[in-house]
Amino acid sequence: ALDPDFADNGYVYTMYTYSDAGRLANRVSRWVLRDGRLEDETTLVDGIPGARNHDGGRIAFGPDGMLYATTGDAGRGELAQDTGSLAGKVLRMNPDGSVPDDNPFEGSLIYSYGHRNPQGLAWQSETDRLYATEHGPSGEGGLCCRDEVNAIRPGANYGWPIVAGYDDGRFVEPVAFSGTDTTWAPAGAAFYTGADLPAWQGDLFFGTLRGQHLRRLALGGEDGLT
C-alpha cells in the first residue's frame, strides 16, 4: 500500500509472512522507495499469528488516512473471538503503526473481530463504509462454503468460529453469502467508480480463487442487496 502522501515521502507499506524458529508470523512494515528499491524497513506491527492457510494479509489505506490490515485465524478458530489476539481480525492503525485514539477497543489495533480469513478490503465512495470479503469454512465443524461479504463496523463481532454465514442475530450477519454448498473463495475487492459503465457505478466487484471469475454485487441502502 502506498502512503497517502507517497509523492512527498516515498513510503510503501507491506504485510508479509516470515518464519521465526519454525513458527510462522506476520509483520506490517513501512519502507522508503529509492531508485526503484525498498529500503529502510521500519516494523510497525509484528508477531501477528501466521499459518500456511487462513493468513489474511490485505492492507489498504482508508479514506480516514488510517492503515487497515486483515488477519486470518491462523487455523485456530478460537483466536478470532479473542480480543487479546490479533488473529482473525480487521486491524486499524495510524501510519506509524500506533493505535488511533478512536479505535473501538482502547489501546488495541483491533477494529473488528470474529473473522476466519478476510482477504479483500474496499470502501464505498458515497458513504466511506468499509466492506471485506471473507473465506468460509473448509471442513471445520463439518461445514463448507459459506463465504461472506461483510460491512465492517467498529467493534463488531462477525461470529467465527461460532457461526459462518447467516445466524440467529447474535453477530453481525454478512451482506452477501455464498450459501451452504457453493464456494467463492473471495479475494481482492473494489468498488467501480468509473464513467464507462454507468449501470455498474458504485457496485462492488471481487475476484474469486475457486472458479477464477469476477463477481459483482449491487449494494442497496442499509447494506442491502439490489
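Bear in mind that the values here come from a model prediction, so they are computed numbers and not experimental data.

**Description of the pattern of salt bridges**
Here's step 1: Per the counting criterion, the structure on display carries nine salt bridges.
Here's step 2: A salt bridge links Asp-102 to Arg-92; the shortest N-O distance between them is 2.8 Å. Of the two residues, Asp-102 is situated in the loop between β6 (89-93) and β7 (110-113) and Arg-92 in strand β6; the sequence distance between them amounts to 10 residues.
Here's step 3: Using a relative accessible area of 55% as the deciding quantity, one classes Asp-102 as exposed.
Here's step 4: Here Asp-203 ties to Arg-216 by a salt bridge, and the two come within 2.7 Å at their closest N and O atoms. With Asp-203 in the loop between β12 (186-191) and β13 (204-208) and Arg-216 in strand β14 (residues 214-217), this pair connects stretches of sequence that are 13 residues apart.
Here's step 5: Here the salt bridges do not stand alone but share partners, grouping Arg-34, Glu-39 and Asp-40 into one network.

**Regarding the pairing of strand β8 (residues 118-124)**
Here's step 1: Of all seven residues that make up β8, six are buried, and the element is covered over most of its length.
Here's step 2: Sheet topology note: the β8/strand β9 (residues 129-134) ladder contains six bridges and is antiparallel. Bridged to Leu-121 within β9 is Ala-132.
Here's step 3: Between β8 and β9, which pair antiparallel in sequence order, lie four residues; one of them, Asp-128, sits at a positive phi of approximately 60 degrees.

**Thoughts on the packing of aromatic side chains**
Here's step 1: Considering all chains together, one arrives at nine aromatic pairs under this definition.
Here's step 2: Look at Tyr-68 and Trp-123: their rings are 5.1 Å apart centre to centre, the planes differ by 70 degrees, and that puts the pair in the edge-to-face class. With Tyr-68 in strand β5 (residues 67-70) and Trp-123 in strand β8, the pair connects residues that are 55 residues apart, well separated along the chain. Grouping residues by exposure puts Tyr-68 and Trp-123 together as buried.
Here's step 3: Aromatic pair Tyr-131 and Phe-191: ring centres 5.6 Å apart, planes at 65 degrees, arrangement edge-to-face. With Tyr-131 in strand β9 and Phe-191 in strand β12, this pair connects stretches of sequence that are 60 residues apart.
Here's step 4: A relative accessible area of 12% means that Phe-191 is categorised as buried.
Here's step 5: Put simply, the rings of Tyr-68, Tyr-111 and Trp-123 touch in pairs and so form one group of aromatic residues.

Calculation criteria
- Residues numbered from 1 in each chain as written.
- Predicted model: local features only at pLDDT ≥ 70, side-chain atom pairs only at ≥ 80, totals over all residues.
- Heavy atoms only, no water.
- Salt bridge = Lys/Arg side-chain N within 4 Å of Asp/Glu carboxyl O.
- Helix = DSSP H or I, 4+ residues; strand = E, 2+ residues; numbered from the N terminus.
- Buried < 20%, exposed > 50% of the residue type's maximum accessible area, 1.4 Å probe, protein only.
- Pairing = 2+ DSSP bridges.
- Phe/Tyr/Trp six-rings, centres within 6.5 Å; stacked < 30°, edge-to-face > 60°.

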